[in-house]
Amino acid sequence: MARITMREAISQALWEEMERDPKVFIMGEEVGLWGGTYAVTKGFYDHFGADRVRDTPIAEAAIIGGAIGAALTGLRPVAELMTINFAFSAFDHIVNQAAKMHMMFGGQMVLPLVIRAVGGGGRQLGATHSQTPDAIFAHFPGLKVVAPGTPADAKGLLKAAIRSQDPILFIEHATLYQTRGEVPEGDYIVPIGKSTVARPGKDVTIVTYSKMLEISLKAAETLAKEGIEAEIVDLRSLRPLDMDPVIESFKKTNRAVVVEEGWKSFGVGSEIAARIYEEAFDYVDAPVKRVAQTEVPLPYNHILEQMMLPKVEDVISAVKEVL
Amino acid sequence: MEKSDYLNLYHQMVVIRRLEERAAELYQQGKIGGFLHLYIGQEAVSTGLISARRAEDRVITAYRDHGVAINCGLSAKEIVAELLGKATGCSQGMGGSMHMADVKKNYWGGHAIVGAHLPIAAGLALGDLYQNQKAVTLCMFGDGATNIGYFHEALNLSKVWNLPILWVCENNQYGMGTSVERASAVSEIRQKADGFGMKNYQVDGMDVLKVREVAEKLFKEIRAGSGPQFLEVDTYRFRGHSMGDPERYRSTDEVHRWQENDPIGIFHKKLVEMKVAGDAELNHQADLAEQEIAEAVAFAEASPEPSVDVVFSNVYVEN
Ligand SMILES: Cc1ncc(C[n+]2csc(CCOP(=O)(O)OP(=O)(O)O)c2C)c(N)n1
Ligand SMILES: [Mg+2]
């Protein structure tokens, strides 16, 4: 196993899948000649050529709509949205076309489509460019939503997504690209829709995913020094949502904190808390706590932006509140 | 045009140039965060266009917006302060480089989603038409923005409703790293306006007086009720798309060729040839700009951080 960055892990998954299956191709803004805005597809254009690494105009609806059409013919497009904030310009095609077509036409149409999009705040990009709208997309049945928090999961989940028969939104976090971790070489697949225990513990369950996994792990380290052992469940996929490890953990700890980067209202934390109450009410010793972004469009000012985003200390104090 | 008018245009252009050069330095020092898109090379475009507007005419543009802000009459102080995220910034430190505005000066931003401000521009023009205001909306956008649906919807609507709007495409040859030829079905972008039956023109964007001349004509016609018109301005950005652009998509030769057509250099030469001003007088304008920007940076650095209350109190008008 090699210790590589999240960026390298994603790049590796794409590269290997393109080598394996000529039906896999990439389309998006600046994916080719530029080498990817976040350098994920660096070197792809020279190696695979302009036909398989297709630079598009700035036209998000055409990128996703076009990828849907290509997928219907049996190709396996990996359509890249430069950032998830631009997914709103393709919202109809993602949630109203891709998510509907298989069911609505009685199962005739199959869309093996992956949409890669990077999201997240904390880089002073201002309100329009800093969002974590994962929960919105997870609202729609017919679409799968995957958001890895480690390099190994990024590789394994992306490979699984590319081989899947369903439309999948694959959400990366911009401030995780440099994160390093052990990643298995070659054909490494992580099944979509399986949550996992990222850290064992007995006192409290922290449910999280993506960037907030990193924050939660840091909080757990600090808590451990005070004798509090947090168990962390990494959701990895928001839809399908695998509650089994969450419920199993909760039945042991009887206390939970959900940590997400997006806004709290109608969010991932709301869903997880509701499921815990529905599925494990008899085990509840304290109200489930949600840690999330303050409900404002993110300010540009660095200090204020950081203030609005969930922090390690927020997780620690939420844990202490439920204990 | 009086001598002072010429000097004023020259002054605005050198202020923009110096502002952008200092912004690049401040970015390198980590004092500016996020994305920073510089206007260096394109100064003649907005300077020429906006010099032809009246106070009641509205201006709206994309995220490459610092120069446009200067031309609309915002002070370098409030622009640099915004770049530094300070309370004294034109958007109170909430918007940053890409989201600057001053509605009192009829400068409606600073918009970071490509093409999204075009339908909004149509709405601004609708507001004026509806209320019988003899005002024109000037909407600027990049070549790349003409490939997104918003562009086509907005142009069509503006023609159908005969809105008082001047659409200006700043064709700087690239949308990020993608050249016009690789992204647009027609590389002469003005042709797209033909599809909407809209009168369209093209002008050399490195010559501020040419830009001003055509803009004056178009503002006049639109104000008189011609309906929307379209102008393509040929220009070039001398720096990368934003800070940290590896610029693999263009050759240094190409950049140098365009730099020989520096809009400030061209205007300088022209003013000397026209005997409007001498070298010394023009260099003095550059010194004034230098001083203005130095003061702006000092002001911005000494300014306070915005209070957190600004964040909460501005989410809604009615709390
Ligand atoms: C809808 C949308 N898609 C993608 C982007 C990312 N992006 C920002 S600027 C840009 C290029 C725009 O090029 P152009 O319109 O020519 O303007 P220029 O930067 O050359 O001034 C892109 C792709 C965005 N901001 N919004
Ligand atoms: Mg451009």
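Residues numbered from 1 in each chain as written. Chains lettered and ligands numbered in written order. Predicted model: local features only at pLDDT ≥ 70, side-chain atom pairs only at ≥ 80, totals over all residues. Heavy atoms only, no water.

Visitor: Break down the layout of surface pockets for me, with residues and values.
Guide: Residues and elements named next belong to chain B. Considering only enclosed or pocket space, the second largest pocket measures out at about 420 Å³ in volume. Forming the walls of the second largest pocket are 15 residues, and the residues nearest its centre are Ser-91, Met-94, Gly-95, Val-310 and Asn-314. Tallied by class, the residues present in the lining of the second largest pocket amount to 8 nonpolar, 7 polar and no charged. (1 Å grid on protein atoms, 1.4 Å probe; cavity = no way out; pocket = protein on both sides within 12 Å on 5 of 7 lines; lining within 4 Å. Points joined across faces, edges and corners; volume = space filled by probe spheres on them. Nonpolar A, V, L, I, M, F, W, Y, C, P; charged D, E, K, R; others polar.)

Visitor: Just give me the short version of a nonpolar patch on the surface, but keep the residues and values in it.
Guide: Residue and element names in this part refer to chain B. On the surface, Leu-126, Leu-129, Tyr-130, Leu-157, Val-160 and Trp-161 cluster together into a nonpolar patch covering about 610 Å² of accessible area. At the level of secondary structure, the elements contributing two or more residues to the nonpolar patch comprise helix 5 (117-130) and helix 6 (149-160). Per element, the largest residue contribution to the nonpolar patch is 3 residues, and it comes from helix 5. Turning to its location among the elements, Trp-161 is positioned in the loop between helix 6 and strand 4 (165-171). On the basis of relative accessibility, which here comes to 43%, the residue Trp-161 falls in the partly exposed class. (Patch = residues over 30% accessible without salt bridge, like charges linked within 9 Å, V, L, I, M, F, W, Y side chains within 5 Å. Areas by Shrake-Rupley, 256 points an atom, 1.4 Å probe, with all protein chains shown as cover. Salt bridge = Lys/Arg side-chain N within 4 Å of Asp/Glu carboxyl O. Helix = DSSP H or I, 4+ residues; strand = E, 2+ residues; numbered from the N terminus. Buried < 20%, exposed > 50% of the residue type's maximum accessible area, 1.4 Å probe, protein only.)

Visitor: So what's going on with the environment of Leu-9 of chain B? Which residues, and what values?
Guide: Residues and elements named next belong to chain B. Summarising the element assignment, Leu-9 is placed in helix 1 (residues 3-28). Leu-9 sits 290 residues away from Phe-299 along the chain, and the two C-alpha atoms are 24 Å apart. Other than its neighbours up to four places away in sequence, Leu-9 contacts Met-1, Thr-47, Ser-51, Val-208, Leu-209, Arg-212 and Phe-267. (Contact = heavy atoms within 4.5 Å.)

Visitor: Tell me what's going on with the interface of chain A and chain B, and back it up with residues and numbers.
Guide: Tallying the contact residues gives 34 residues for chain A and 39 residues for chain B. Carbon and sulfur atoms supply 66% of the area that chain A and chain B bury against each other, a total of about 2,800 Å² over both sides. The three residues of chain A that bury the most area against chain B are Trp-34, Ile-58 and Tyr-300 of chain A, which together make up 28% of that side's buried surface. One can count 1 salt bridge joining chain A with chain B. Residues Asp-55 of chain A and Arg-182 of chain B are paired through a salt bridge, measuring 2.7 Å at the closest nitrogen-oxygen approach. (Buried area = accessible area lost by both parts, 1.4 Å probe.)

Visitor: An account of the domain arrangement of chain A is requested, with residue identities and associated values reported.
Guide: Residues and elements named next belong to chain A. Domain parsing of chain A yields domain 1 (2-183) and domain 2 (196-322). The centre of domain 1, based on its C-alpha atoms, is set 26 Å off from the matching centre of domain 2. Counting residues at the interface gives 30 residues for domain 1 and 26 residues for domain 2. Between domain 1 and domain 2 lies a buried interface of about 2,100 Å² when both sides are counted; carbon and sulfur atoms form 53% of it. A salt bridge links Asp-153 to Arg-236, with the nearest nitrogen and oxygen atoms 3.0 Å apart. Sorting the residues of the side of domain 1 that touches domain 2 by element identifies helix 6 (134-138), strand 6 (144-146) and helix 7 (151-163) as the ones contributing at least two each. Residues belonging to the side of domain 1 that touches domain 2 are distributed by class as follows: 12 nonpolar, 14 polar and 4 charged. (Domains from an automatic or database assignment.)

Visitor: Pulling in residues and values, what's your account of the state of the cysteines?
Guide: Residue and element names in this part refer to chain B. In total, this model carries 0 disulfides over all chains according to the counting rule given. Here Cys-72 stays unpaired: no disulfide links it, and the sulfur of Cys-90, its closest cysteine neighbor, is 11 Å away. The exposure class assigned to Cys-72 is buried, which follows from its relative accessible area of 5%. (Disulfide = S-S within 2.5 Å.)

Visitor: Mind laying out the coordination of the magnesium ion (ligand 2), listing which residues take part and the relevant values?
Guide: All names here are of chain B. Ligation of the magnesium ion (ligand 2) by protein atoms is provided by Asp-143 (OD), Asn-172 (OD1) and Tyr-174 (O), these donors lying 2.1 to 2.2 Å from the ion. Given the relative accessible area of 4%, Asp-143 is considered buried. Classification of Tyr-174 as buried rests on a relative accessible area of 8%. (Donors = N, O, S within 2.8 Å, 3.2 Å for Na, K, Ca; no water.)

Visitor: Residues and numbers for the pairing of strand 3 (residues 137-142) of chain B, please.
Guide: Residues and elements named next belong to chain B. Counting buried residues along strand 3, 5 of its 6 residues qualify, which places the element largely inside the surrounding structure. Sheet topology note: the strand 1 (residues 58-62)/strand 3 ladder contains 3 bridges and is parallel. Its bridge partner lying in strand 3, Val-59 is registered against Leu-138. Pairing geometry for strand 3 and strand 4, over 6 bridges, is parallel. If you follow Gly-142 over to strand 4, its bridge partner there is Glu-170. In this fold, strand 3 hands off to helix 6, which returns the chain to strand 4; that crossover is right-handed. (Pairing = 2+ DSSP bridges. Right-handed = clockwise from strand over helix to strand, strands pointing away.)

Visitor: Lay out a negative patch on the surface in plain terms, naming residues and giving numbers.
Guide: Residues and elements named next belong to chain A. A cluster of acidic side chains, namely Asp-244, Glu-248, Glu-278 and Glu-279, defines a negative patch on the protein surface. Taken together, the elements giving at least two residues each to the negative patch come down to helix 9 (244-253) and helix 10 (268-280). One can find Glu-279 in helix 10. Look at Glu-279 and you get partly exposed, because its relative accessible area is 39%. (Lys, Arg positive; Asp, Glu negative; His and termini not counted. Charge placed at Lys NZ, Arg CZ, Asp CG, Glu CD.)

Visitor: Could you give an account of the sheet that holds strand 14 (residues 289-293) of chain A, with specific residues and numbers?
Guide: Residue and element names in this part refer to chain A. Reading across the sheet, the 5 strands line up as 9-11-10-13-14 and stay open at both edges, with mixed pairing between neighbours. Lying at the two open borders of the sheet, with one neighbouring strand each, are strand 9 (196-199) and strand 14. When strand polarity is set aside, the average angle formed by the axes of neighbouring strands in this sheet is 25 degrees. Together, strand 10 (204-208), strand 13 (256-263) and strand 14 form the strand contacts of helix 10, whose direction differs from that of strand 13 by roughly 155 degrees. (Axes fitted to C-alpha atoms, helices over the stretch in contact; angles between N-to-C directions.)

Visitor: Now, about the site of ligand 1: what can you tell me, with residues and values included?
Guide: As a structural note, the neighbourhood of ligand 1 is formed by 22 residues, with Glu-60 of chain A together with Tyr-63, Arg-64, Gly-144 and Asn-172 of chain B the closest of them. With respect to ligand 1, the chains having nearby residues are chains A and B. Within the backbone of Ala-112 of chain B, a nitrogen or oxygen atom sits 2.9 Å from a nitrogen atom of ligand 1. His-241 of chain B places a polar side-chain atom, nitrogen or oxygen, 3.4 Å from an oxygen atom of ligand 1. Protein burial of ligand 1: of its 590 Å² of free accessible surface, 95% is covered by the chains. When its residues are assigned to classes, the shell around ligand 1 shows 11 nonpolar, 7 polar and 4 charged. (Near = heavy atom within 4 Å. Polar contact = N/O pair within 3.5 Å; in protein donor to acceptor, adjacent residues only side chain to side chain.)

Visitor: Account for the environment of Phe-140 of chain A, with residues named and values stated.
Guide: All names here are of chain A. Relative to the helices and strands, Phe-140 resides in the loop between helix 6 and strand 6. Along the backbone, Phe-140 and Ala-99 are 41 residues apart, and their C-alpha atoms lie at a distance of 7.0 Å. Contacts of Phe-140, omitting those with residues within four sequence positions, involve Phe-91, Val-95, Lys-100 and Arg-239.

Visitor: Could you give an account of empty space enclosed by the protein, with specific residues and numbers?
Guide: To find the voids left in a structure, one rolls a probe of water-molecule size over its atoms. Residue and element names in this part refer to chain A. Under the definition given, this model contains 3 cavities of 30 Å³ or more. Volume-wise, the largest cavity comes out at about 70 Å³. Contributing to the lining of the largest cavity are Gly-36, Thr-37, Tyr-38, Val-40, Glu-80, Leu-81, Met-82, Arg-116, Ala-117, Val-118, Glu-172 and Tyr-177. Within the residue set of the lining of the largest cavity, elements represented by two or more residues are strand 4 (76-81) and strand 5 (114-119). Element by element, the count of residues in the lining of the largest cavity is highest for strand 5, at 3 residues.

Visitor: Give a description of the packing of aromatic side chains that names residues and reports values.
Guide: Under the defined criterion, the tally for this structure stands at 17 aromatic pairs over all chains. Pairing Trp-15 of chain A with Phe-44 of chain A gives two aromatic rings, centres 5.0 Å apart and planes at 90 degrees, and the pair type is edge-to-face. With a gap of 29 residues between them, Trp-15 of chain A in helix 1 (residues 6-20) and Phe-44 of chain A in helix 2 (residues 44-48) connect regions that are remote in the sequence. Overall, the relative accessible area of 1% leaves Phe-44 of chain A in the buried class. Between the aromatic rings of Phe-151 of chain B and Phe-230 of chain B, the centroid separation amounts to 6.2 Å while the plane-to-plane angle is 85 degrees, which identifies the pairing as edge-to-face. Separated by 79 residues along the polypeptide, Phe-151 of chain B in helix 6 and Phe-230 of chain B in strand 8 (residues 229-234) bring together distant segments of the chain. Accessibility assignment for this pair places Phe-151 of chain B and Phe-230 of chain B in one class, buried. Grouping aromatic residues by their ring pairs yields a cluster made of Trp-34 of chain A together with Tyr-174, Tyr-236, Tyr-249 and Trp-258 of chain B. (Phe/Tyr/Trp six-rings, centres within 6.5 Å; stacked < 30°, edge-to-face > 60°.)

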